[in-house]
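# Examining the three-dimensional arrangement
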Amino acid sequence: MSENIIEMKNIGKSFNKTKVLNDVNFNLKNGEVHALVGGNGAGKSTLMKILTGVYTKEEGKIYIEGSLVDIKNLNDAENYGISIIFQELSLVPTLSVAENIFLNNEPKKNKSKLINDKKMIEETKKLLNDLELEIDPKIRISELSVGYAQMIEIAKAVSKDAKILIMDEPTAALSENETTLLFDFIDKLKEKNVSIIYISHRMEEIFKITDRITILRNGKKITTVKTSQIDMDKLIEYIVGKNLEEKFEWKPRKNSFKKDKPVLEVKNFSSFKSNLNDVNFKLFKGEILGVAGLMGSGRSEMVETIFGLDDKKTGQILLDGKEISIKNAEDAMDKGFALIPEDRREEGLILDHSVKENILLTVFDETKSRLLINNNIGKDITNNYIDKLNIVTDSMHKKVSLLSGGNQQKVVLAKWLATEPRIYLLDEPTIGVDIGAKTEIMEIIREIANSGKSVLVISSELRELMAVSDRILIMSEGKVVDSFERSEIRSEEDLQHAIQN
Amino acid sequence: GISVTDELPDREIYSNGPRGNKATSAKTLSLSEDELKEIKSGNYKAAIVMHYAGNDWSRAQINALRETFSKMNIEVVAVTDAQFSVEKQTSDIETVMARQPDVIISIPVDPTATANAFRLAVNAGIKLVFMDNVPAGFTPGEDYASVVSADNYGNGVVAAEIMAEELNGKGTVGIVYHDADFFVTAQRYEAFKTTIIENYPNIEIVEEGGFNNPSEASNVASSMLTRNPTLDGIFAVWDVPAEGVLSAARPMGRSDLKITTIDLGENVALDMARGGMIKGLGAQIPYWQGVSEAIIAGKALLEKDVEPYYAVPALRVTRENLLESWKTVYNSEAPENIKNQYE
Amino acid sequence: MQSKIKGRFRFDWQQNIVFIAFAFVFIFFAITLYKDGFLSVFNIANIFRQTAIISVMAIGMTFVISAGEIDLSVGSITALSALSTALVLDAGLGIIIALIVGLATGMFFGVVNGFFVSQIGIPSFLVTLGMMGTIRGTAMWLTDTKPIPILNDTYNFWFGSGNIGLIPILFFWMILIGLIGYVVYNKTTFGRHTLAVGGNEKAAKYTGVKTSLIKFKVMALSGLMAGLAGMLYAGRMQSGRYTFGEGDELSVIAAVILGGTSLFGGMGTIIGTLVGALLMGVINNGLIIAGLDVSQQMIIRGLIIILAVALGKKK
Amino acid sequence: MQSKIKGRFRFDWQQNIVFIAFAFVFIFFAITLYKDGFLSVFNIANIFRQTAIISVMAIGMTFVISAGEIDLSVGSITALSALSTALVLDAGLGIIIALIVGLATGMFFGVVNGFFVSQIGIPSFLVTLGMMGTIRGTAMWLTDTKPIPILNDTYNFWFGSGNIGLIPILFFWMILIGLIGYVVYNKTTFGRHTLAVGGNEKAAKYTGVKTSLIKFKVMALSGLMAGLAGMLYAGRMQSGRYTFGEGDELSVIAAVILGGTSLFGGMGTIIGTLVGALLMGVINNGLIIAGLDVSQQMIIRGLIIILAVALGKKK
Ligand SMILES: Nc1ncnc2c1ncn2[C@@H]1O[C@H](COP(=O)(O)OP(=O)(O)OP(=O)(O)O)[C@@H](O)[C@H]1O
Ligand SMILES: Nc1ncnc2c1ncn2[C@@H]1O[C@H](COP(=O)(O)OP(=O)(O)OP(=O)(O)O)[C@@H](O)[C@H]1O
Ligand SMILES: [Mg+2]
Ligand SMILES: [Mg+2]
């Protein structure tokens, strides 16, 4: 028996005549955690979908434990002991947590062969306990925020007791706490000799938990190295293809802004529907305000409520010192707000529509000439953003659901940047975005602030938050509990400590 | 007392009863003052179970029944419309029985498929009077009181005769027929076709097109005229499909087309009055048919025997006798816009 | 861990609105039509008789709609199945053969629907709309529109016309199919997977659910149920006729949606479907008993459906 | 920039299948029915005449379905609008008033539908199913089932019966409404937002689209189109009758779906809808010209729809 539990040889795949995987070789050793990294659209998810039978390869061979296999569908993959956490999540929103975790794997009663709901719920509870999640197994997935859904997806993959576990950006929507939990869990799996393929755009994670790294770029394999034998700069260079000047370093902003009159002031903000409770804060002209907090601390709810998406609220919003009322999202947009929502699939995109349609949805009125929508204006706007954000797609008419995860996120960004608002509410704007683009997005955020607009950023990736913010709010249980100038924070640990409080 | 008008025409009745028996003219039906009094004191209840309630014929029947019953102090507890569905009619009969009527006036959508439901009513001791058709296996006098029918065959003959006169006994015609197993329309079709073939050797039936729903008749007629642009006449099996034929012929510039049909609907009457393509029709006389049924119902409630099969003769209607015919058929004056055409 | 996501159990309107609406309508009729025999044992039996056949089809349709598909051919299938059953009995081949032929007819067209939907990938609306005409046409052509009477009293008793004591046999059919449907829908992998396919086909596929097979099966099941419904029509009407079930597709879908199943798939309830069918049956029955004109019946029936749902919703 | 973005137009099956199917069916009939006058100017004019009214409703329905809703009440609305138009003309109030009343009738019920769907939140299937009966009942009751003839020849000419040269006036109506529909659907914010609501209601809401307002508007628009369709029925039949448009809802929805609009919303095409309506018109026309029985027509019509789509799909 070879030490490689999986060998993928000379894998090739194209969509619509665009080659997305080209002669890729990939090996997974027994019991290792193997990182698969690369820019958005590099082909990581596609490679994994080929391994699990979701896509069929055009070229190449796959060996499992030394023997040639033909994996035609997911059930085949499961029979070989492979289980996967999909980047786009494979949860059915209308079914409950327990039903999702045990979908296609339902426990049966011995005699009647009927589904044993009781057992299913008990096992779900156990599983959630292991992951330290206190979620009712009977709650529908559609009621959970992405972060929790992501945890359920993890629980689902883990429940299958696989020998090989593929994790496609499992931490994208998770905050520091949950990520640590997951890593502890991965350690336990390693003890059980489970082999893991780990995809992520968060570099520090890669160095923390993986044994080896394979880098893909534009559908080609660049190299495979031992994690211990490479440093961050080199890795980023492999991924991006060039030396990246600026990384996540905080530079005190040159043109500092006046802190006398706030552009936006939120007073005694509460909501009946959610657990928002007496939120107060100010946002100044030209400021970048970071918001940190645990999962479920109400960060998303706060910005959604400001943006008029929750009508059962109390409290005041003052814009330029004057009280305003925002009844719905259109209202908010008219008053100069933009909200980049955290759940791109549910709240950000119309997945069946094209890249162009999605980007233009916010600005159709600006693409009109003589009352009617003019396609050429729209095309120009779209091309402009595809360029600016480096969105990988073979056509602006491609369905956005067919884009890679990170590129979908860039479309959401483009859609909102196009509205040119005064106040940006960014809820996890870099979920799933590659390291190169992340740096660019930071730069864009800085530029926006430099031009006198105000930005509120929520991020669970503290490095990123620290890199870009002028000031950071800490939220907990629906309240803003603390506020720090960036200069007061010395390290990530400091911030993490403040969040844990 | 109540009696059926003498104005009914004295035409020969062609249709035979459901069991092949000869018809008795509905004119022979009446209730004496004494009978009426006795019925009035019974405080009876009646239900009307129609096969379809949405045309002039049904409306005139229901009106006549309601009016006559009210003279007899019989309360109409329910009127139902099966919309040509046997399932619905079966349900309707069951539901109506919850109101415990003493008599049900009905026309079966299908004699076979509704027999079972009507049997239920018979078993519950409810008197039955039918229009036009009788459930399979039912015996007059035992299972039901009697049936009053329009002379559908006779109407088909009338339509054929008018067509032949209009064509001077020579030409080509098409038939727009009802492609369904429905007793009434089948009889008309049969009568028209047989009369033309047997009596008018120089008239050729070159086209036959069936429809299932009368709204399709317009398309059927268009196709006929496409294939036979020189077609001289079209017979449509009732007035609504005849309107479809009109709407097909008009835009094709075929105002010389001769159309005959059956039933004196308002639209076809108006077209006829204006000297349009509708040249004449055979009319049923639903109002008096309804009165006849009510009288029979009264007799049945008094346990008096009646003949097994009554018929109301066919009425020949052309432009000349349209206004009088209207009065006979509906027991009311013709509408203004029709009368206006004669001024 | 501080985040506590509890089972904030939300009463979905879809899940309970039909019960409120039903209660409201039933009580309303019970009070206003008390004297007219609405509550008589005889009439209650009528309501079940008039609802049972629609219910049987609606159980099948609940699966179809839960999977995000639709089946417009059920009404036509009942006609063909009733006719073929009647022909078999007419030929003296006995009840067993009749049963096989009747169910096989339904199953066959269900399978054809399923094939085009799941294998060729044509939207089920188009497939079943096409088949609706084709099957009805076949039924018409089979006996040249003539009805075929059924003289087999045993058949007629057990398949639609009989009563056991005061209870119509159709009531037992409704309960039997309802029970089986309930168990299959809620307690088997097939039922669960049906909901998964309707809820998010891609996610279901990514979880190894054989989505095409599920779609095939729900269409076949619906055909089978329509086949059974046709046999019950035949027994109730003691005959087969090509017009049976005309327009039933809408009533059946209405019962399912009224019952709380989402037209977009992924959520549904069998009990809701049964109550939805009963609600429509009660409305039809009550309006006739109230002695209204046909046009008044139509006007009020529509309003009651809308207002009953609106009322249940406001609660 | 690594990827060059060209405006490469992707042919979606939904977007082109109907054209292939139409071409296939049309050529087939043109060859086999050549001698029977299928290709005669007369008959081509007939096809447009028979298709135009369905097309007008289908344009409205394309918006409704694109928004993820459905409207079953269109057929009934045509009847009531035709009747009220006829009554106005009968009373000698003239064409302008007739036009206003006819369209207002349609619009009114569209608004009622829209209210229940968008404000109360009842599924449009249930609302419009209820209204379908209520409106038909109202039409029945309005004139006690009597038809109302229209003697105003100007009206009849312009609204359905006339020809300009060889071209039926209905053709111009179809083109006019088609054009307006096309522009509104593709070139206005309302059209785009309609698709957004149908594609992902939540995302649309997060993007500032007033989703309830859009739903309200599409229902109202569909009512308005049905009102116009009713006026055209009235002009074509030179009368109003409560039975007009019976069963049209299914034909209209079929034309839309056949044309490539997704029954689940979010994707659609106006031109596809028009071709879809024409395809159905051609099939009906061809089968009748071929001299088939009603039963044969029904059998073959269904099969053609399914096979034409399957064929287009395989390409
Ligand atoms: N089903 C599909 N149809 C067409 N193109 C596809 C499809 N799936 C993936 N692609 C394309 O293949 C390329 C690789 O996508 P993939 O999802 O594998 O990227 P990735 O490396 O996972 O990126 P990310 O980090 O953004 O998730 C992308 O350009 C994407 O648009
Ligand atoms: N006690 C609770 N009961 C129910 N749900 C809760 C509770 N606490 C938190 N939640 C969940 O968390 C959400 C509130 O968190 P929100 O999404 O605003 O948080 P967040 O800080 O953005 O975290 P996330 O990383 O999950 O997005 C609620 O919508 C709910 O789903
Ligand atoms: Mg990916
Ligand atoms: Mg959040």
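Going by the annotation in an unreviewed UniProt entry, the name recorded for chain A is Monosaccharide ABC transporter ATP-binding protein (CUT2 family), with Halanaerobium congolense given as the source organism.

So, on to the packing of aromatic side chains. One pass over the full model with this rule turns up 43 aromatic pairs over all chains. Each ring, one from Phe48(D) and one from Phe171(D), has its centre 4.7 Å from the other, and the planes form 75°; the classification is edge-to-face. Remark: Phe171(D) occurs in helix α7 (residues 169-187) and Phe48(D) occurs in helix α2 (residues 41-66); sequence separation between them is 123 residues. Taken together, the aromatic side chains of Phe22(C), Phe26(C), Phe28(C), Phe29(C) and Phe38(C) make up a single cluster linked through ring pairs. Over the face of the ring belonging to Tyr238(A) we find Lys234(A), whose NZ or CZ atom lies 5.0 Å from the ring centre. Cation over ring: Arg119(B) sits above Phe138(B), and NZ or CZ is 4.4 Å from the ring centre.

Residue and element names in this part refer to chain A. The coordination sphere of the magnesium ion (ligand 3), as far as protein atoms go, consists of Ser 45 (OG) and Gln 87 (OE1), spread over 2.0 to 2.1 Å. Here Ser 45, found in helix α1 (residues 44-51), pairs with Gln 87, found in the loop between β6 (82-85) and α3 (97-101); they are 42 residues apart in sequence, far enough to count as distant. Across the pair, Gln 87 and Ser 45 agree in class, each one buried.

Residue and element names in this part refer to chain A. Around the magnesium ion (ligand 4), the protein contributes the donor atoms Ser 300 (OG) and Glu 342 (OE), at 1.9 to 2.4 Å from the metal centre. Residue Ser 300 is located in helix α9 (residues 299-306), and its partner Glu 342 is located in the loop between β17 (337-340) and α11 (344-348); the two are separated by 42 residues in the primary sequence. Ser 300 sits in the buried class, given a relative accessible area of 15%.

Before going further, it helps to spend a moment on the interface of chain C and chain D. Counting from both sides, the interface comprises 41 residues of chain C and, opposite them, 40 residues of chain D. Interface of chain C and chain D: buried area, both sides summed, is about 3600 Å²; carbon and sulfur atoms make up 87% of it. Remark: the boundary between chain C and chain D carries zero salt bridges. Listed by contribution, the elements that provide at least two residues to the side of chain C that touches chain D are α4 (94-120), α5 (124-142), α11 (248-258) and α13 (294-314) of chain C. Counting residues per element, the side of chain C that touches chain D draws most heavily on α5(C), at 14 residues. Its residues placed into classes, the side of chain C that touches chain D shows 30 nonpolar, nine polar and two charged.

Here we come to unusual backbone geometry. With a phi close to 45°, Asn16(A) is a non-glycine residue in the positive phi region. Secondary-structure assignment places Asn16(A) in the loop between β1 (4-15) and β2 (18-29).

The feature "domain: ABC transporter" (unreviewed entry), as annotated in UniProt, sits at residues 6-243 and 258-501 of chain A in this numbering. Here residues 6-243 of chain A runs as 33% helix and 28% strand, with 32 Å between its end C-alpha atoms.

This part covers the relation of the copies chain C and chain D. For the pair chain C and chain D, the superposition axis carries a translation of 0.0 Å, the fit reaches an RMSD of 0.1 Å, and the rotation angle comes to 180°. The superposition of one copy onto the other is thereby described by a two-fold rotation axis. Closest approach to the rotation axis within chain C is made by the C-alpha atom of Phe264(C), at a distance of 3.6 Å. Most of the interface of chain C is mirrored in chain D, where 98% of its interface residues again form contacts.

A word on the nonpolar core. Ranked by internal contacts, the top residues of the largest apolar core, which has 402 residues, are Phe281(A), Phe337(A), Phe69(B), Leu264(B), Phe125(C) and Phe125(D). Those residues in contact with Phe125(C) that sit more than four places away from it in its chain are Ile70(C), Leu72(C), Leu250(D), Ile253(D), Ala254(D), Ile257(D) and Leu263(D). Ile85(A), Ile139(A), Tyr148(A) and Met167(A) belong to the second-largest nonpolar core, a separate cluster that totals 40 residues.

The next subject is helix α7 (residues 217-227) of chain B. Of all eleven residues that make up α7(B), ten are buried, and the element is covered over most of its length. Buried within α7(B) we find Ala217(B), Ser218(B), Asn219(B), Val220(B), Ala221(B), Ser222(B), Ser223(B), Met224(B), Leu225(B) and Thr226(B).

So, about the arrangement of the chains. Most contacts, among the five pairs of chains that meet, fall between chains C and D. The closest approach of any C-alpha atom in chain A to one in chain B is 37 Å; the two make no contact.

Moving on, we come to the site of ligand 1. Residues and elements named next belong to chain A. As a structural note, the neighbourhood of ligand 1 is formed by 22 residues, with Lys 44, Ser 45, Thr 46, Ser 404 and Gly 406 the closest of them. Interatomic distance of 2.5 Å between a side-chain N/O atom of Thr 46 and an oxygen atom of ligand 1. Between an oxygen atom of ligand 1 and a main-chain N or O atom of Gly 406, the distance comes to 2.7 Å. The protein chains hide 92% of the 630 Å² of surface that ligand 1 would expose on its own. For the shell around ligand 1, the secondary-structure elements that each account for two or more residues are α1 and α14 (405-417). Its residues assigned to classes, the shell around ligand 1 shows seven nonpolar, twelve polar and three charged.

Turning next to the pattern of salt bridges. What the rule picks out here adds up to 50 salt bridges over all chains. Taking the shortest distance from any N to any O, the salt bridge between Glu88(A) and Lys202(C) comes out at 3.9 Å. Here Glu88(A) is found in the loop between β6 and α3, whereas its partner Lys202(C) is found in helix α9 (residues 201-206) on a different chain. In this structure Lys202(C) comes out as partly exposed when scored by relative accessible area, which is 40%. Lys215(C) is the partner of Glu69(C) in a salt bridge, and the nearest nitrogen-oxygen pair spans 3.3 Å. With a gap of 146 residues between them, Glu69(C) in the loop between α2 (41-66) and α3 (74-90) and Lys215(C) in helix α10 (residues 211-237) connect regions that are remote in the sequence. As far as the burial class goes, Glu69(C) and Lys215(C) line up, both buried. Linked by salt bridges that have partners in common, Glu99(A), Asp117(A), Lys187(C) and Arg192(C) make up one network.

What follows covers the environment of Met131(B). All names here are of chain B. Here Met 131 shows up in strand β7 (residues 127-131). With 135 residues separating them along the chain, Met 131 and Glu 266 place their C-alpha atoms 22 Å apart. The contact partners of Met 131, leaving out residues within four places of it in the chain, are Met 50, Trp 57, Gln 61, Leu 65, Ile 105, Ser 106, Ile 107, Pro 108, Val 147, Val 148, Gln 289 and Glu 293.

On the surface, Val41(C), Phe157(C), Trp158(C), Ile164(C), Leu166(C), Ile167(C) and Phe172(C) cluster together to form a nonpolar patch covering roughly 650 Å² of accessible area. Of note, Phe172(C) is situated in helix α7 (residues 169-187).

With that settled, consider the interface of chain A and chain C. Contacts between the two partners involve 39 residues from chain A and, on the opposite side, 33 residues from chain C. For the pairing of chain A and chain C, the buried interface totals around 3100 Å² over both sides, and the portion due to carbon and sulfur atoms is 53%. Here chain A and chain C share four salt bridges between them. For Glu99(A), the salt bridge is made with Arg192(C), and the minimal N-O distance between the two is 3.8 Å. Between chain A and chain C we count 13 residue pairs in polar contact (both at pLDDT 80 or more) in total. When contributions to the side of chain A that touches chain C are tallied by element, the ones reaching two or more residues are α2 (74-79), α4 (117-130), β7 (134-135), α5 (146-158) and α6 (176-191) of chain A. Each residue belonging to the side of chain A that touches chain C can be placed in one class, and the counts come to 18 nonpolar, five polar and 16 charged.

To continue, consider the packing of α2(D) against helix α11 (residues 248-258) of chain D. Working note: a packed helix pair is described by the angle between its axes plus the distance between those axes. Residues and elements named next belong to chain D. At their nearest, the axes of α2 and α11 sit 8 Å apart, and the two run at 65° to each other. Classified by the angle between their axes, α2 and α11 sit roughly perpendicular to one another. The hand of the α2/α11 crossing is right-handed. Seen from α2, the contacting residues are Ile 54, Met 57, Ala 58, Met 61, Thr 62 and Ile 65; seen from α11, they are Asp 248, Ser 251, Val 252, Ile 253, Ala 255, Val 256 and Ile 257.

In this section: the sheet that holds strand β3 (residues 33-38) of chain A. All names here are of chain A. Strand order in the open sheet made by the six strands is β6-β8-β9-β3-β10-β11, with mixed pairing throughout. Each having just a single partner strand, β6 and β11 (220-226) make up the two edges of the open sheet. Mean inter-strand twist for the sheet, computed between neighbouring axes without regard to direction, equals 15°. Of the strands in this sheet, β3, β6, β8 (164-168), β9 (195-199) and β10 (212-217) touch α1, which is tilted by about 135° from β3. Contacts between α6 and the sheet are confined to β3, β8 and β9, with β9 contributing the most and set at about 150° to the helix.

What counts and how
- Residues numbered from 1 in each chain as written.
- Chains lettered and ligands numbered in written order.
- Predicted model: local features only at pLDDT ≥ 70, side-chain atom pairs only at ≥ 80, totals over all residues.
- Heavy atoms only, no water.
- Phe/Tyr/Trp six-rings, centres within 6.5 Å; stacked < 30°, edge-to-face > 60°.
- Helix = DSSP H or I, 4+ residues; strand = E, 2+ residues; numbered from the N terminus.
- Lys NZ or Arg CZ within 6 Å of the ring centre and 35° of its normal.
- Donors = N, O, S within 2.8 Å, 3.2 Å for Na, K, Ca; no water.
- Buried < 20%, exposed > 50% of the residue type's maximum accessible area, 1.4 Å probe, protein only.
- Contact = heavy atoms within 4.5 Å.
- Buried area = accessible area lost by both parts, 1.4 Å probe.
- Salt bridge = Lys/Arg side-chain N within 4 Å of Asp/Glu carboxyl O.
- Nonpolar A, V, L, I, M, F, W, Y, C, P; charged D, E, K, R; others polar.
- UniProt positions renumbered as here; feature names shortened; annotations may be inferred.
- Least-squares fit on C-alpha atoms with pLDDT ≥ 70 in both.
- Core = buried A, V, L, I, M, F, W, Y, C linked by side-chain atoms within 4.5 Å.
- Near = heavy atom within 4 Å.
- Polar contact = N/O pair within 3.5 Å; in protein donor to acceptor, adjacent residues only side chain to side chain.
- Areas by Shrake-Rupley, 256 points an atom, 1.4 Å probe, with all protein chains shown as cover.
- Patch = residues over 30% accessible without salt bridge, like charges linked within 9 Å, V, L, I, M, F, W, Y side chains within 5 Å.
- Axes fitted to C-alpha atoms, helices over the stretch in contact; angles between N-to-C directions.
- Parallel < 35°, antiparallel > 145°, perpendicular 65-115°, else oblique.
- Left-handed = near helix turned anticlockwise from the far one by under 90°.
- Pairing = 2+ DSSP bridges.

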